[in-house]
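Observations on the three-dimensional arrangement
Here is what each chain is made of, one letter per residue.
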Amino acid sequence: MAIRYFNTLTREKDEFKPISGMHVGLYTCGPTVYDYAHIGNWRTYLFEDILRRHLEYRGFVVKHVMNITDVDDKTIRGTKAKGITLDEYTEPFIKAFFEDRDALDVEAASEYPRATRHVSEMVAIIKVLIDKGIAYKTEDGSIYYDITKFPGYGKLSHFRIEELKAGARVKSDEYEKAQVSDFALWKAWDEVDGNVFWETELGKGRPGWHIECSAMSAEYLGQPFDLHTGGVDNIFPHHENEIAQSEGAMGRKFVNYWMHSEHLRVDGRKMSKSLGNFYTLRDVEAKGYDPMVFRYLVMGAHYRSKLNFTWQAMETAKTTIANLYEFMGRLDRENSTGLDDAVQRATVAFGEALDDDLNTPMALAAVFGLVKEVNIHGKGGREVFDAMVSFDRVLGLRLAERAKSVSVEVPEEIEKLLSEREQARKSRDFAAADRLRDDIIAAGYVIEDTPQGPRVKPA
RNA sequence: GGCGACGUACCCAAGUGGUAAGGGAGAGGUCUGCAAAACCUUUAUGCGGCGGUUCGAACCCGCCCGUCGCCUCCA
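Throughout what follows, the structure given in this document is the object of discussion. Model, not experiment: these values are computed from the prediction.

1. Notes on the overall build of chain A
The helix and strand inventory of chain A stands at 16 helices and 16 strands. The principal-axis extent of the C-alpha atoms belonging to chain A is close to 95 × 50 × 35 Å. Split into buried and exposed, the 459 residues of chain A put 52% on the buried side. Of the roughly 21000 Å² of accessible surface on chain A, 50% is carried by carbon and sulfur atoms. Each charge class in chain A can be summarised by its mean position, and for the 61 positive and 74 negative side chains these summaries are 3 Å apart.

Below is the structure:
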C-alpha cells in the first residue's frame, strides 16, 4: 500500500519514501510570535498534524521540528513600543500558541527551536555562502543572497528570475541590493532595531527571515531530510529561498517532499493579519465552540482546497461532531459484536483515503459509512468503538474522551425529577409528567426516551 | 504585466475518462401517551457557459464569464 503525497516540487502525487526506512524527518514552518495565531494559521498547523498522525498511523517514527520565529520586523516593533526585551515581548504569544495547540489536540513537535537561540548556526551558513561567492555584503553591512548564482532558483515556485524582475510592486529603491529580487540573509543594525541585535563575525545586526529555517532544519534533521511543509503563501519567497540557501551552501539536496496547505478564507478572501479579517481560536472559544469543532471543520475539506470560514459552517460542524460523540456514547454503553466485515471495510477505506494525499473528507465518509452500518444492524459495540478510536489516532477528535462525557452524571435533583416523571407516566398522569419534563428542560437538560428507558443529559 | 488555482444540490464538500462519496438543512416514515432525541428512507439525468476530442467527459482540449492566490511581511 503506497502512500502518495502531492509534492509542490514536482506538482504530482509522488509516492512517499523516507530516506531512512521508517524514520521520517518533518519540518513545519511555525508561528511568528508577534501576536496570537489566527485560525487560518491553525488550518495549516492542523493539516501538518494530520500529516504527522497519518505517518504515525502507518507505522513511521516521525521527528517533527517546528520553528518559532521570535525575531523579525514586527516583534522588534512591538518590543520597542513596549520598551521591553524581545523575549519579554514574545513570551506571552509563545505561551498562547502552545495553549491553542493543546486545545486543538495538535501533537507536540519533537523540537520547537527558536530563531534567537540559533543565530550562530545561521551565521555559519551565511559565511559559507559568502565564501562561495553566492552572498555579498553591501555598504551598510547587510548581506544579500545573489539569486543569479543559484541555477535552480525558482524550481519550487516555478517562477523565473526574469519574471520576478518584471514584478511591478517590488520596490527597486530599497537598500543596495544588486537586484531587486535578491533577499536579505543578514540585516545590519539600524536605530529602529533598538536593543535587538547580535554582535557576530558578520557585524552587528540580525538574521533575515529565511535563513533560520535553513539553519535549524539542518541542525535538527540534517540535509537532506524528508518533508517540509507550510502554507501556500510560503512557497514564494520563503521556501524558494530556503532551498537556495541550503543547497547553495551545502551543495546537495535540501528536501525531498514539499507540501503546502491552501488558505482559510473569510468572506471569500484570504484570512490574514494585514487584511484584518481574521479570528483567533480564542474568538472561536468565546462564541462557545469546542475547539474540536474547528478541527472537524478543517478536516471536512481537502488541505489543498480553499476553505471558506463561516459561522454557519461552524454550526454544521458542531452538529455533526455532536452526533459523532452521541454515537460513541451509545457504543460505549453496548457490548454487542458481529460487524467484523463492516469494520474491516471501513478501516481499509479510511486508510486508503488518507494514503491518497490525505483525503480527509473521504476518510470521514468511511467513518460515517461505518456509523450507518452500526445503526442499521443495531449491533457492533466494542469492536466498532475500538475501530473508531483507532481512526481517531489520525482524526484527533477526542472521540473516546467525549464518548464518556456525553454520559456524564447528572445532579441528584434532576434524577429525582426524572423518576417522578416516570412514576407519573406509569400512572398515565401525563399532565404531571409533562410539567416535570418542562422543569428538567428549564434546568438545562434534555430527556431522551429510549426503548431502554429515559436518559438525561446537559442540553 | 507574469505565474497559478477554483467555480459540483438549499449550504458545506469529495470525485479528475465509465455513468455524481459524505456531512448539515428540508421532506416522508419508525418509535412515543404526546413531544423531543435516536434511527430509516429521500432530495443534482446534473457538475459556471459555449464549442471540441471520445463508444463514453464534472473529469481531456479551446474560448468565454465569474472568484481568488502568489509575484511585498504573510499559514
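2. A word on the side chain of Thr-90
As for its placement among the helices and strands, Thr-90 is situated in helix 3 (residues 86–103). Judged by relative accessible area, Thr-90 falls into the buried class, the value being 0%. Excluding residues that lie within four positions of it along the chain, Thr-90 makes contacts with Val-33, Asp-70, Thr-75 and Arg-114.

3. Details of the packing of helix 1 (residues 39–57) against helix 13 (residues 382–395)
Packing of helix 1 against helix 13 brings their axes to within 7 Å, and their N-to-C directions diverge by 135°. By the angle between their axes, helix 1 is oblique relative to helix 13. Across the interface between the two elements, Ile-50, Arg-53, His-54, Glu-56 and Tyr-57 of helix 1 pack against Ser-390, Phe-391, Asp-392, Arg-393, Val-394 and Leu-395 of helix 13. Here the residues of the contact of helix 1 with helix 13 are counted per class, giving five nonpolar, two polar and four charged.

4. Description of the side chain of Gln-245
If you trace the backbone, Gln-245 turns up in helix 7 (residues 235–250). In this structure Gln-245 comes out as buried when scored by relative accessible area, which is 0%. Non-local contacts of Gln-245, meaning those with residues more than four positions away in its chain, are made with Ile-125, Leu-129, Tyr-145, Phe-183, Leu-185, His-210, Ile-211 and Ser-214.

5. Observations regarding the packing of aromatic side chains
Inspection of the entire model under this criterion finds 25 aromatic pairs. For the ring pair Phe-254 and Trp-258, a centre distance of 5.9 Å and an interplane angle of 55° mean the geometry is tilted. Of the two residues, Phe-254 and Trp-258, both sit in the buried class. Plain terms: the ring middles of Tyr-289 and Trp-311 are 5.7 Å apart, the flat faces sit at 20° to each other, and that makes the pair stacked.

6. With respect to the packing of helix 4 (residues 119–131) against helix 6 (residues 209–221)
Helices that pack against each other are described as a pair by the angle of their axes relative to one another and the distance between those axes. Where helix 4 meets helix 6, the closest approach of the two axes is 9 Å, and the angle between their N-to-C directions is 105°. Regarding the angle of helix 4 to helix 6, the classification is roughly perpendicular. Where helix 4 abuts helix 6, its residues Glu-121, Met-122, Ile-125 and Ile-126 lie against Ile-211, Glu-212, Ser-214, Ala-215 and Glu-219. Taken together, the residues of the contact of helix 4 with helix 6 break down into five nonpolar, one polar and three charged.

7. Looking at the environment of Met-314
Locating Met-314 in the fold gives a position in helix 10 (residues 311–333). What makes Met-314 buried here is its relative accessible area of 0%. Taking the C-alpha atoms as reference, Met-314 lies 6.8 Å from Leu-297; in sequence the two are 17 residues apart. Beyond its immediate chain neighbours, meaning those up to four positions away, Met-314 contacts Val-284, Tyr-289, Val-293, Phe-294, Leu-297 and Phe-309.

8. Comments concerning helix 3
Taking 1.5 Å of rise per residue, 18 residues should cover 26 Å, and helix 3 covers 26 Å from first to last C-alpha, within 8% of that figure. For helix 3, the complete set of buried residues consists of Leu-86, Tyr-89, Thr-90, Phe-93, Ile-94, Ala-96, Phe-97, Asp-100, Arg-101 and Ala-103. Where helix 3 is buried, its residues contact helix 1, strand 4 (61–66), helix 2 (73–82), strand 8 (198–200), helix 8 (281–286) and helix 9 (291–299). Phi for Asp-105, located one or two positions after helix 3, is positive at around 60°.

9. A short note on helix 9
A large share of helix 9 lies buried, amounting to nine of its nine residues. Along helix 9, the residues that are buried comprise Pro-291, Met-292, Val-293, Phe-294, Arg-295, Tyr-296, Leu-297, Val-298 and Met-299. For helix 9, the N-terminal cap is Asp-290; the gap from its side-chain oxygen to the backbone nitrogen of Met-292 is 2.9 Å.

10. Quick word on the pattern of salt bridges
All chains considered together, the criterion is met by 34 salt bridges. Across the salt bridge formed by Asp-70 and Arg-114, the nearest N and O atoms sit 2.8 Å from each other. One end of the pair, Asp-70, is in the loop between strand 4 and helix 2; the other, Arg-114, is in the loop between helix 3 and helix 4, and 44 residues separate them in sequence. The partner of Asp-73 in a salt bridge is Arg-206, and the shortest N-O contact between them spans 2.7 Å.

11. Observations concerning the nonpolar core
In terms of nonpolar packing, the biggest core is built from 84 residues, with Phe-294, Phe-350, Leu-370 and Met-388 touching the most fellow members. Excluding its chain neighbours within four sequence positions, the residues that come into contact with Phe-350 are Tyr-57, Ala-363, Ala-366, Val-367, Phe-391, Val-394 and Leu-395. Counting residues in hydrophobic clusters, the runner-up holds 42 residues, among them Leu-129, Ile-147, Tyr-153 and Val-196.

12. Topic: the pairing of strand 7 (residues 183–188)
With five of six residues buried, strand 7 is to be regarded as a mostly interior element. Of the strand pairs in this sheet, strand 6 (residues 143–145) and strand 7 are connected by three bridges, and their pairing is antiparallel. If you follow Tyr-144 over to strand 7, its bridge partner there is Ala-184.

Calculation rules
Residues numbered from 1 in each chain as written. Chains lettered and ligands numbered in written order. Predicted model: local features only at pLDDT ≥ 70, side-chain atom pairs only at ≥ 80, totals over all residues. Heavy atoms only, no water. Helix = DSSP H or I, 4+ residues; strand = E, 2+ residues; numbered from the N terminus. Buried < 20%, exposed > 50% of the residue type's maximum accessible area, 1.4 Å probe, protein only. Areas by Shrake-Rupley, 256 points an atom, 1.4 Å probe, with all protein chains shown as cover. Lys, Arg positive; Asp, Glu negative; His and termini not counted. Charge placed at Lys NZ, Arg CZ, Asp CG, Glu CD. Contact = heavy atoms within 4.5 Å. Axes fitted to C-alpha atoms, helices over the stretch in contact; angles between N-to-C directions. Parallel < 35°, antiparallel > 145°, perpendicular 65-115°, else oblique. Nonpolar A, V, L, I, M, F, W, Y, C, P; charged D, E, K, R; others polar. Phe/Tyr/Trp six-rings, centres within 6.5 Å; stacked < 30°, edge-to-face > 60°. Expected span 1.5 Å × (residues − 1). Polar contact = N/O pair within 3.5 Å; in protein donor to acceptor, adjacent residues only side chain to side chain. Salt bridge = Lys/Arg side-chain N within 4 Å of Asp/Glu carboxyl O. Core = buried A, V, L, I, M, F, W, Y, C linked by side-chain atoms within 4.5 Å. Pairing = 2+ DSSP bridges.

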